[in-house]
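# Inside the fold
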Amino acid sequence: MVSSASDGLAQVIYLDNQATTRTDPRVVDAMLPFFSERFGNPHSVDHAYGNDAETAVEAARADVAALIGAEAREIVFTSGATEANNLAIKGAAHFHKAERPHVVTLATEHKCVLESVARLEREGHEVTVLGVDRDGLVDLVALEQAVTERTAVVSIMAANNEIGVVQPLAEIGALCRARGAYFHSDAAQALGKIPLDVNAMQIDLLSISGHKLYGPKGIGALYVRRRPRVRLEPMIDGGGQERGLRSGTLAPALCVGLGMACRLAGREMAEEAKRVAALRDRLVERLREAAVPLTINGAMDHRLDGNLNVAFDGVPAHALIEALPELALSTGSACTSASVEPSYVLRALGIEDATAAQSLRISIGRFNTAEEIDEAGRLLVSAVTRLRQAQSAAAQ
Ligand SMILES: *Cc1c(COP(=O)(O)O)cnc(C)c1O
(Lines give C-alpha, C1' and ligand atoms only; values in the text may rest on other atoms or scores of the structure.)
Protein backbone atom coordinates (compact mmCIF):
# COMPACT_ATOMS: atom_id res chain seq x y z
CA MET A 1 0.00 0.00 0.00
CA VAL A 2 0.98 3.60 -0.55
CA SER A 3 2.01 5.33 2.66
CA SER A 4 -0.07 8.22 3.90
CA ALA A 5 2.88 10.61 3.58
CA SER A 6 2.06 12.94 0.72
CA ASP A 7 5.52 12.55 -0.88
CA GLY A 8 4.51 8.99 -1.84
CA LEU A 9 1.60 10.32 -3.84
CA ALA A 10 3.73 11.81 -6.61
CA GLN A 11 4.77 8.26 -7.55
CA VAL A 12 1.18 7.18 -8.14
CA ILE A 13 -0.30 7.88 -11.56
CA TYR A 14 -3.68 9.49 -11.01
CA LEU A 15 -6.33 7.96 -13.26
CA ASP A 16 -9.40 8.67 -11.14
CA ASN A 17 -10.39 12.08 -12.48
CA GLN A 18 -14.09 11.22 -12.30
CA ALA A 19 -13.88 10.84 -8.51
CA THR A 20 -12.19 14.19 -8.18
CA THR A 21 -9.71 16.35 -10.03
CA ARG A 22 -6.60 18.12 -8.88
CA THR A 23 -7.32 21.78 -8.14
CA ASP A 24 -5.71 23.71 -10.98
CA PRO A 25 -2.81 25.82 -9.61
CA ARG A 26 -4.36 28.87 -11.32
CA VAL A 27 -7.53 28.23 -9.31
CA VAL A 28 -5.55 27.97 -6.07
CA ASP A 29 -3.79 31.26 -6.83
CA ALA A 30 -7.10 33.00 -7.41
CA MET A 31 -8.48 31.67 -4.12
CA LEU A 32 -5.59 32.42 -1.75
CA PRO A 33 -6.18 36.16 -1.08
CA PHE A 34 -9.67 35.32 0.18
CA PHE A 35 -8.14 33.32 3.03
CA SER A 36 -6.04 36.30 4.11
CA GLU A 37 -6.37 40.01 3.40
CA ARG A 38 -9.61 39.78 1.39
CA PHE A 39 -11.58 38.16 4.22
CA GLY A 40 -14.78 40.20 4.05
CA ASN A 41 -18.29 38.82 4.43
CA PRO A 42 -19.86 39.18 0.98
CA HIS A 43 -23.21 39.96 2.62
CA SER A 44 -21.78 42.86 4.72
CA VAL A 45 -21.92 45.54 2.09
CA ASP A 46 -21.62 48.55 4.40
CA HIS A 47 -17.83 48.70 4.09
CA ALA A 48 -14.93 48.07 1.76
CA TYR A 49 -14.17 44.54 3.02
CA GLY A 50 -17.67 43.29 2.40
CA ASN A 51 -17.92 45.09 -0.92
CA ASP A 52 -14.66 43.56 -2.09
CA ALA A 53 -15.83 40.03 -1.27
CA GLU A 54 -19.24 40.67 -2.82
CA THR A 55 -17.69 41.97 -6.04
CA ALA A 56 -15.47 38.88 -6.28
CA VAL A 57 -18.38 36.51 -5.61
CA GLU A 58 -20.52 38.21 -8.26
CA ALA A 59 -17.73 38.06 -10.83
CA ALA A 60 -17.41 34.34 -10.09
CA ARG A 61 -21.16 33.89 -10.46
CA ALA A 62 -20.95 35.50 -13.91
CA ASP A 63 -18.11 33.15 -14.90
CA VAL A 64 -20.14 30.10 -13.84
CA ALA A 65 -23.18 31.38 -15.75
CA ALA A 66 -21.17 32.12 -18.90
CA LEU A 67 -20.02 28.50 -19.20
CA ILE A 68 -23.61 27.26 -19.53
CA GLY A 69 -25.17 30.18 -21.41
CA ALA A 70 -27.08 31.40 -18.34
CA GLU A 71 -27.48 34.76 -16.59
CA ALA A 72 -25.50 35.38 -13.41
CA ARG A 73 -28.65 35.82 -11.33
CA GLU A 74 -29.76 32.30 -12.30
CA ILE A 75 -26.81 30.73 -10.44
CA VAL A 76 -27.26 29.62 -6.81
CA PHE A 77 -24.05 28.61 -5.03
CA THR A 78 -24.25 25.38 -3.01
CA SER A 79 -21.79 23.09 -1.22
CA GLY A 80 -21.55 20.83 -4.27
CA ALA A 81 -23.56 18.82 -6.75
CA THR A 82 -25.06 16.63 -4.02
CA GLU A 83 -26.72 19.65 -2.45
CA ALA A 84 -27.66 21.10 -5.84
CA ASN A 85 -29.33 17.82 -6.85
CA ASN A 86 -31.23 17.63 -3.57
CA LEU A 87 -32.38 21.24 -3.89
CA ALA A 88 -33.43 20.87 -7.51
CA ILE A 89 -35.35 17.62 -7.17
CA LYS A 90 -36.88 17.94 -3.71
CA GLY A 91 -37.34 21.69 -4.14
CA ALA A 92 -39.29 21.31 -7.39
CA ALA A 93 -41.28 18.29 -6.21
CA HIS A 94 -42.25 19.93 -2.91
CA PHE A 95 -43.22 23.25 -4.50
CA HIS A 96 -45.46 21.60 -7.09
CA LYS A 97 -46.71 18.60 -5.12
CA ALA A 98 -50.40 19.57 -5.29
CA GLU A 99 -50.75 19.78 -9.07
CA ARG A 100 -47.72 17.74 -10.16
CA PRO A 101 -46.98 14.91 -7.72
CA HIS A 102 -44.85 12.87 -10.17
CA VAL A 103 -41.06 12.69 -10.61
CA VAL A 104 -39.07 10.88 -13.34
CA THR A 105 -35.43 9.81 -13.25
CA LEU A 106 -33.00 7.24 -14.62
CA ALA A 107 -31.65 4.03 -13.05
CA THR A 108 -28.03 5.06 -13.70
CA GLU A 109 -28.19 8.39 -11.86
CA HIS A 110 -25.80 9.26 -9.04
CA LYS A 111 -26.90 8.01 -5.61
CA CYS A 112 -27.73 11.53 -4.45
CA VAL A 113 -30.39 11.77 -7.19
CA LEU A 114 -31.75 8.26 -6.62
CA GLU A 115 -31.87 8.73 -2.84
CA SER A 116 -33.58 12.13 -3.19
CA VAL A 117 -36.21 10.51 -5.38
CA ALA A 118 -36.54 7.59 -2.96
CA ARG A 119 -37.24 10.04 -0.14
CA LEU A 120 -39.88 11.77 -2.23
CA GLU A 121 -41.52 8.40 -2.82
CA ARG A 122 -41.63 7.74 0.93
CA GLU A 123 -43.26 11.17 1.32
CA GLY A 124 -46.00 10.13 -1.08
CA HIS A 125 -44.79 11.44 -4.45
CA GLU A 126 -45.20 9.21 -7.49
CA VAL A 127 -41.89 8.09 -8.95
CA THR A 128 -40.81 6.58 -12.28
CA VAL A 129 -37.24 5.27 -12.56
CA LEU A 130 -36.53 4.52 -16.21
CA GLY A 131 -34.07 1.88 -17.36
CA VAL A 132 -31.36 2.38 -19.97
CA ASP A 133 -30.28 0.39 -23.01
CA ARG A 134 -27.09 -1.66 -23.25
CA ASP A 135 -25.20 1.52 -24.23
CA GLY A 136 -26.41 3.31 -21.10
CA LEU A 137 -28.63 5.75 -23.00
CA VAL A 138 -32.16 6.76 -22.03
CA ASP A 139 -34.96 5.35 -24.18
CA LEU A 140 -36.66 8.50 -25.50
CA VAL A 141 -39.87 6.66 -26.38
CA ALA A 142 -40.17 5.33 -22.82
CA LEU A 143 -39.38 8.81 -21.51
CA GLU A 144 -42.06 10.39 -23.65
CA GLN A 145 -44.58 7.90 -22.29
CA ALA A 146 -43.49 8.50 -18.70
CA VAL A 147 -43.64 12.32 -18.65
CA THR A 148 -47.15 13.70 -18.23
CA GLU A 149 -48.96 16.89 -17.18
CA ARG A 150 -48.61 15.53 -13.61
CA THR A 151 -44.80 15.42 -13.74
CA ALA A 152 -43.04 18.14 -11.73
CA VAL A 153 -39.45 17.34 -12.65
CA VAL A 154 -37.46 14.98 -14.86
CA SER A 155 -33.92 14.42 -13.57
CA ILE A 156 -31.51 12.96 -16.12
CA MET A 157 -27.77 13.39 -15.82
CA ALA A 158 -25.69 14.97 -18.56
CA ALA A 159 -22.85 12.44 -18.32
CA ASN A 160 -22.50 9.36 -16.15
CA ASN A 161 -19.83 9.15 -13.46
CA GLU A 162 -19.02 5.47 -14.02
CA ILE A 163 -19.36 4.90 -17.75
CA GLY A 164 -19.08 8.49 -19.03
CA VAL A 165 -22.13 8.07 -21.27
CA VAL A 166 -23.59 11.40 -22.42
CA GLN A 167 -27.39 11.61 -22.65
CA PRO A 168 -29.30 13.35 -25.50
CA LEU A 169 -29.96 16.52 -23.51
CA ALA A 170 -31.63 18.67 -26.19
CA GLU A 171 -34.11 15.90 -27.04
CA ILE A 172 -34.93 15.38 -23.36
CA GLY A 173 -35.29 19.15 -22.87
CA ALA A 174 -37.75 19.50 -25.76
CA LEU A 175 -39.83 16.61 -24.49
CA CYS A 176 -40.04 18.01 -20.94
CA ARG A 177 -40.88 21.52 -22.14
CA ALA A 178 -43.76 20.16 -24.22
CA ARG A 179 -45.32 18.69 -21.03
CA GLY A 180 -44.51 21.63 -18.77
CA ALA A 181 -42.23 19.50 -16.59
CA TYR A 182 -38.93 20.93 -15.38
CA PHE A 183 -35.83 19.31 -16.87
CA HIS A 184 -33.10 18.95 -14.25
CA SER A 185 -29.69 17.67 -15.29
CA ASP A 186 -26.85 16.64 -13.00
CA ALA A 187 -23.90 18.03 -14.96
CA ALA A 188 -21.22 17.31 -12.34
CA GLN A 189 -19.30 15.13 -14.79
CA ALA A 190 -20.13 16.92 -18.02
CA LEU A 191 -19.41 20.56 -17.19
CA GLY A 192 -16.10 21.66 -18.60
CA LYS A 193 -15.80 18.46 -20.65
CA ILE A 194 -18.53 19.00 -23.25
CA PRO A 195 -20.32 22.20 -24.32
CA LEU A 196 -23.53 22.79 -22.36
CA ASP A 197 -26.09 25.48 -23.11
CA VAL A 198 -29.16 25.66 -20.90
CA ASN A 199 -31.19 27.52 -23.54
CA ALA A 200 -30.28 25.43 -26.58
CA MET A 201 -30.89 22.28 -24.50
CA GLN A 202 -33.98 23.65 -22.68
CA ILE A 203 -32.55 22.73 -19.30
CA ASP A 204 -34.40 24.33 -16.35
CA LEU A 205 -32.16 23.20 -13.49
CA LEU A 206 -28.52 22.16 -13.77
CA SER A 207 -26.19 20.91 -11.03
CA ILE A 208 -22.50 21.76 -10.91
CA SER A 209 -19.63 20.45 -8.77
CA GLY A 210 -16.41 22.43 -8.36
CA HIS A 211 -14.06 19.54 -7.72
CA LYS A 212 -14.98 17.64 -10.88
CA LEU A 213 -13.69 20.47 -13.08
CA TYR A 214 -10.36 21.32 -11.44
CA GLY A 215 -11.97 23.61 -8.88
CA PRO A 216 -12.08 23.21 -5.09
CA LYS A 217 -14.12 20.65 -3.14
CA GLY A 218 -16.99 21.93 -1.05
CA ILE A 219 -18.55 24.20 -3.66
CA GLY A 220 -21.00 23.71 -6.47
CA ALA A 221 -23.96 25.51 -7.93
CA LEU A 222 -27.49 25.05 -9.13
CA TYR A 223 -28.66 26.85 -12.23
CA VAL A 224 -32.31 27.88 -11.75
CA ARG A 225 -34.08 29.17 -14.86
CA ARG A 226 -35.86 32.54 -14.60
CA ARG A 227 -37.81 32.53 -17.88
CA PRO A 228 -40.06 30.57 -17.79
CA ARG A 229 -39.63 30.82 -14.05
CA VAL A 230 -38.68 27.72 -12.08
CA ARG A 231 -40.08 27.63 -8.55
CA LEU A 232 -38.42 25.67 -5.78
CA GLU A 233 -38.99 25.18 -2.09
CA PRO A 234 -35.71 25.97 -0.30
CA MET A 235 -34.12 23.36 1.96
CA ILE A 236 -32.25 25.81 4.21
CA ASP A 237 -33.98 28.74 5.91
CA GLY A 238 -32.11 31.75 7.22
CA GLY A 239 -30.95 35.16 6.07
CA GLY A 240 -32.36 34.74 2.58
CA GLN A 241 -29.08 34.65 0.69
CA GLU A 242 -29.00 33.25 -2.86
CA ARG A 243 -32.47 34.59 -3.67
CA GLY A 244 -33.85 32.84 -0.62
CA LEU A 245 -32.99 29.45 -2.08
CA ARG A 246 -29.88 28.79 -0.03
CA SER A 247 -29.38 30.81 3.12
CA GLY A 248 -26.00 31.04 4.81
CA THR A 249 -22.82 33.06 4.34
CA LEU A 250 -21.11 32.25 1.07
CA ALA A 251 -17.46 31.18 1.05
CA PRO A 252 -15.83 33.75 -1.25
CA ALA A 253 -12.63 31.74 -1.68
CA LEU A 254 -14.60 28.72 -2.88
CA CYS A 255 -16.89 30.81 -5.10
CA VAL A 256 -13.87 32.49 -6.68
CA GLY A 257 -12.25 29.07 -7.19
CA LEU A 258 -15.33 27.72 -8.93
CA GLY A 259 -15.53 30.85 -11.06
CA MET A 260 -11.90 30.53 -12.13
CA ALA A 261 -12.35 26.81 -12.85
CA CYS A 262 -15.29 27.67 -15.13
CA ARG A 263 -13.38 30.47 -16.84
CA LEU A 264 -10.46 28.13 -17.57
CA ALA A 265 -12.81 25.41 -18.81
CA GLY A 266 -14.52 27.84 -21.17
CA ARG A 267 -11.19 28.89 -22.64
CA GLU A 268 -9.51 25.49 -22.80
CA MET A 269 -12.25 22.87 -23.05
CA ALA A 270 -12.16 22.33 -26.82
CA GLU A 271 -8.44 21.77 -26.95
CA GLU A 272 -8.33 19.80 -23.72
CA ALA A 273 -11.05 17.43 -24.94
CA LYS A 274 -8.95 16.55 -27.98
CA ARG A 275 -5.85 15.98 -25.90
CA VAL A 276 -7.66 13.84 -23.33
CA ALA A 277 -9.41 11.82 -26.07
CA ALA A 278 -6.03 11.14 -27.69
CA LEU A 279 -4.67 9.89 -24.35
CA ARG A 280 -7.71 7.64 -23.82
CA ASP A 281 -7.36 6.21 -27.34
CA ARG A 282 -3.65 5.72 -26.75
CA LEU A 283 -4.39 3.66 -23.66
CA VAL A 284 -6.95 1.52 -25.50
CA GLU A 285 -4.36 0.99 -28.24
CA ARG A 286 -1.70 -0.10 -25.73
CA LEU A 287 -4.13 -2.63 -24.26
CA ARG A 288 -5.25 -3.92 -27.66
CA GLU A 289 -1.63 -4.23 -28.91
CA ALA A 290 -0.90 -6.50 -25.98
CA ALA A 291 -4.00 -8.54 -26.89
CA VAL A 292 -5.30 -8.77 -23.33
CA PRO A 293 -8.95 -9.87 -23.62
CA LEU A 294 -11.19 -6.97 -22.60
CA THR A 295 -14.70 -5.59 -22.93
CA ILE A 296 -15.53 -1.88 -22.92
CA ASN A 297 -18.75 -1.04 -21.05
CA GLY A 298 -21.13 1.60 -22.43
CA ALA A 299 -21.34 3.39 -25.78
CA MET A 300 -17.95 4.55 -27.08
CA ASP A 301 -19.52 7.22 -29.31
CA HIS A 302 -21.62 9.09 -26.71
CA ARG A 303 -19.01 9.27 -24.03
CA LEU A 304 -16.81 11.72 -22.17
CA ASP A 305 -13.35 11.84 -23.72
CA GLY A 306 -11.54 10.95 -20.52
CA ASN A 307 -13.58 7.89 -19.53
CA LEU A 308 -12.85 4.25 -20.07
CA ASN A 309 -14.89 1.59 -18.29
CA VAL A 310 -13.32 -1.73 -19.07
CA ALA A 311 -13.60 -5.36 -17.95
CA PHE A 312 -10.51 -7.57 -18.23
CA ASP A 313 -11.73 -11.11 -18.83
CA GLY A 314 -11.08 -13.42 -15.91
CA VAL A 315 -9.55 -10.76 -13.64
CA PRO A 316 -11.54 -9.46 -10.68
CA ALA A 317 -11.33 -5.66 -10.62
CA HIS A 318 -10.50 -5.52 -6.92
CA ALA A 319 -7.58 -7.92 -7.41
CA LEU A 320 -6.24 -5.81 -10.26
CA ILE A 321 -6.54 -2.59 -8.27
CA GLU A 322 -4.76 -4.25 -5.34
CA ALA A 323 -1.99 -5.49 -7.63
CA LEU A 324 -1.40 -1.99 -8.97
CA PRO A 325 -0.62 0.44 -6.13
CA GLU A 326 1.30 2.51 -8.72
CA LEU A 327 -2.02 3.48 -10.30
CA ALA A 328 -4.98 5.34 -8.82
CA LEU A 329 -7.88 3.42 -10.36
CA SER A 330 -11.43 2.83 -9.29
CA THR A 331 -14.20 0.34 -9.80
CA GLY A 332 -16.71 3.15 -10.17
CA SER A 333 -18.31 5.64 -7.91
CA ALA A 334 -16.30 6.63 -4.85
CA CYS A 335 -19.24 5.88 -2.59
CA THR A 336 -19.55 2.24 -3.59
CA SER A 337 -15.96 1.15 -4.28
CA ALA A 338 -15.59 -0.15 -0.72
CA SER A 339 -18.53 -2.51 -1.11
CA VAL A 340 -18.34 -5.76 -3.07
CA GLU A 341 -21.81 -5.33 -4.59
CA PRO A 342 -21.61 -5.13 -8.39
CA SER A 343 -22.16 -1.62 -9.70
CA TYR A 344 -25.86 -0.76 -10.04
CA VAL A 345 -24.96 1.34 -13.07
CA LEU A 346 -23.40 -1.61 -14.94
CA ARG A 347 -26.30 -3.77 -13.82
CA ALA A 348 -28.75 -1.28 -15.33
CA LEU A 349 -26.94 -1.68 -18.66
CA GLY A 350 -27.69 -5.40 -18.48
CA ILE A 351 -24.05 -6.29 -17.88
CA GLU A 352 -23.71 -9.64 -16.13
CA ASP A 353 -22.47 -9.58 -12.54
CA ALA A 354 -19.34 -11.56 -13.50
CA THR A 355 -18.33 -8.90 -16.05
CA ALA A 356 -19.31 -6.07 -13.70
CA ALA A 357 -17.01 -7.56 -11.05
CA GLN A 358 -14.15 -7.32 -13.57
CA SER A 359 -14.91 -3.74 -14.53
CA LEU A 360 -12.62 -0.81 -13.82
CA ARG A 361 -13.09 2.87 -14.37
CA ILE A 362 -10.09 4.65 -15.79
CA SER A 363 -10.59 8.40 -15.98
CA ILE A 364 -8.05 10.64 -17.65
CA GLY A 365 -7.82 14.37 -17.10
CA ARG A 366 -6.06 17.70 -17.60
CA PHE A 367 -2.85 16.79 -15.80
CA ASN A 368 -2.18 13.35 -17.29
CA THR A 369 0.69 12.96 -19.74
CA ALA A 370 1.41 10.56 -22.61
CA GLU A 371 4.29 9.08 -20.57
CA GLU A 372 1.90 8.31 -17.73
CA ILE A 373 -0.53 6.65 -20.11
CA ASP A 374 2.20 4.46 -21.62
CA GLU A 375 3.40 3.49 -18.16
CA ALA A 376 -0.16 2.76 -17.03
CA GLY A 377 -0.70 0.62 -20.14
CA ARG A 378 2.47 -1.40 -19.39
CA LEU A 379 1.53 -1.87 -15.75
CA LEU A 380 -2.04 -2.90 -16.58
CA VAL A 381 -0.96 -5.41 -19.23
CA SER A 382 1.62 -7.05 -17.00
CA ALA A 383 -0.72 -7.23 -13.99
CA VAL A 384 -3.60 -8.61 -16.08
CA THR A 385 -1.31 -11.21 -17.65
CA ARG A 386 0.08 -12.22 -14.25
CA LEU A 387 -3.36 -12.49 -12.64
CA ARG A 388 -4.76 -14.48 -15.59
CA GLN A 389 -1.84 -16.93 -15.40
CA ALA A 390 -2.30 -17.28 -11.64
CA GLN A 391 -6.01 -18.00 -12.17
CA SER A 392 -5.45 -20.64 -14.86
CA ALA A 393 -2.72 -22.26 -12.75
CA ALA A 394 -5.12 -22.39 -9.81
CA ALA A 395 -7.79 -23.93 -12.03
CA GLN A 396 -5.53 -26.82 -13.06
C1 LIG B 1 -19.36 13.80 -7.98
C2 LIG B 1 -20.76 13.73 -8.45
C3 LIG B 1 -21.82 14.21 -7.65
C4 LIG B 1 -21.59 14.77 -6.27
O5 LIG B 1 -20.92 16.00 -6.33
P6 LIG B 1 -20.33 16.68 -5.00
O7 LIG B 1 -19.98 18.05 -5.46
O8 LIG B 1 -19.16 15.86 -4.61
O9 LIG B 1 -21.42 16.68 -3.99
C10 LIG B 1 -23.08 14.15 -8.15
N11 LIG B 1 -23.32 13.64 -9.37
C12 LIG B 1 -22.36 13.16 -10.16
C13 LIG B 1 -22.69 12.63 -11.51
C14 LIG B 1 -21.04 13.19 -9.72
O15 LIG B 1 -20.09 12.70 -10.49
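Up top is the structure these notes are about.
Below you will find a few notes about this structure.

Rules used in this analysis
- Residues numbered from 1 in each chain as written.
- Predicted model: local features only at pLDDT ≥ 70, side-chain atom pairs only at ≥ 80, totals over all residues.
- Heavy atoms only, no water.
- Helix = DSSP H or I, 4+ residues; strand = E, 2+ residues; numbered from the N terminus.
- Expected span 1.5 Å × (residues − 1).
- Buried < 20%, exposed > 50% of the residue type's maximum accessible area, 1.4 Å probe, protein only.
- Contact = heavy atoms within 4.5 Å.
- Near = heavy atom within 4 Å.
- Polar contact = N/O pair within 3.5 Å; in protein donor to acceptor, adjacent residues only side chain to side chain.
- Areas by Shrake-Rupley, 256 points an atom, 1.4 Å probe, with all protein chains shown as cover.
- Nonpolar A, V, L, I, M, F, W, Y, C, P; charged D, E, K, R; others polar.
- Axes fitted to C-alpha atoms, helices over the stretch in contact; angles between N-to-C directions.
- Parallel < 35°, antiparallel > 145°, perpendicular 65-115°, else oblique.
- Left-handed = near helix turned anticlockwise from the far one by under 90°.
- Core = buried A, V, L, I, M, F, W, Y, C linked by side-chain atoms within 4.5 Å.

The terminal C-alpha atoms of helix H4 (residues 111-122) lie 16 Å apart, and with 12 residues this matches the ideal 16 Å at 1.5 Å per residue to within 8%. Buried within H4 we find Cys-112, Val-113, Leu-114, Ser-116, Val-117 and Leu-120. Of the surrounding elements, those touching the buried residues of H4 are helix H3 (81-95), strand S3 (102-106), strand S4 (126-130), strand S5 (151-155), strand S6 (182-186) and helix H9 (344-348). A positive phi of about 105° marks Gly-124, the residue just after H4.

Further remarks concern the site of the ligand. Near the ligand there are 14 residues, and of these Thr-82, Asp-186, Gln-189, Ser-209 and Lys-212 occur at the shortest range. At 2.6 Å, a side-chain N or O of Asp-186 approaches a nitrogen atom of the ligand. Here Lys-212 contributes a side-chain N or O atom positioned 2.7 Å from an oxygen atom of the ligand. Here the ligand has 380 Å² of accessible area as a free molecule, and 87% of this is covered by the chains. Sorting elements by how many residues they give to the shell around the ligand places H3 first, with three residues. Across the shell around the ligand, the residue classes break down as four nonpolar, eight polar and two charged.

It is worth spelling out the packing of H3 against H4 at this point. Axis separation between H3 and H4 bottoms out at 9 Å; the angle between their running directions is 30°. Compared by their axis directions, H3 and H4 come out roughly parallel. As H3 runs across H4, the sense of the crossing is right-handed. Two secondary-structure elements touch here, H3 through Thr-82, Asn-85, Asn-86, Ile-89, Lys-90, Ala-93 and His-94 and H4 through Cys-112, Val-113, Ser-116, Val-117, Arg-119 and Leu-120. Its residues placed into classes, the contact of H3 with H4 shows six nonpolar, five polar and two charged.

The next point concerns unusual backbone geometry. Of note, the amide linkage connecting Arg-227 to Pro-228 takes the cis form, showing an omega dihedral of -10°. Among the structural elements, Pro-228 can be located in the loop between strand S8 (220-224) and helix H7 (252-289). Not every positive phi belongs to a glycine, and Tyr-214 is a case in point at roughly 70°. When you line up the elements, Tyr-214 lands in the loop between strand S7 (205-209) and S8. Taking relative accessible area as the criterion, Tyr-214 reaches 3% and is therefore assigned buried.

Before going further, it helps to spend a moment on the nonpolar core. Grouped together as the largest cluster of nonpolar side chains are 68 residues, with contacts concentrated most on Ile-68, Phe-77, Leu-143, Leu-196, Leu-206 and Leu-258. If one sorts the elements of this core by residue count, H7 sits on top with 11 residues. One finds Val-284, Leu-360, Val-381 and Val-384 within the second-largest nonpolar core, a separate group that totals 28 residues.

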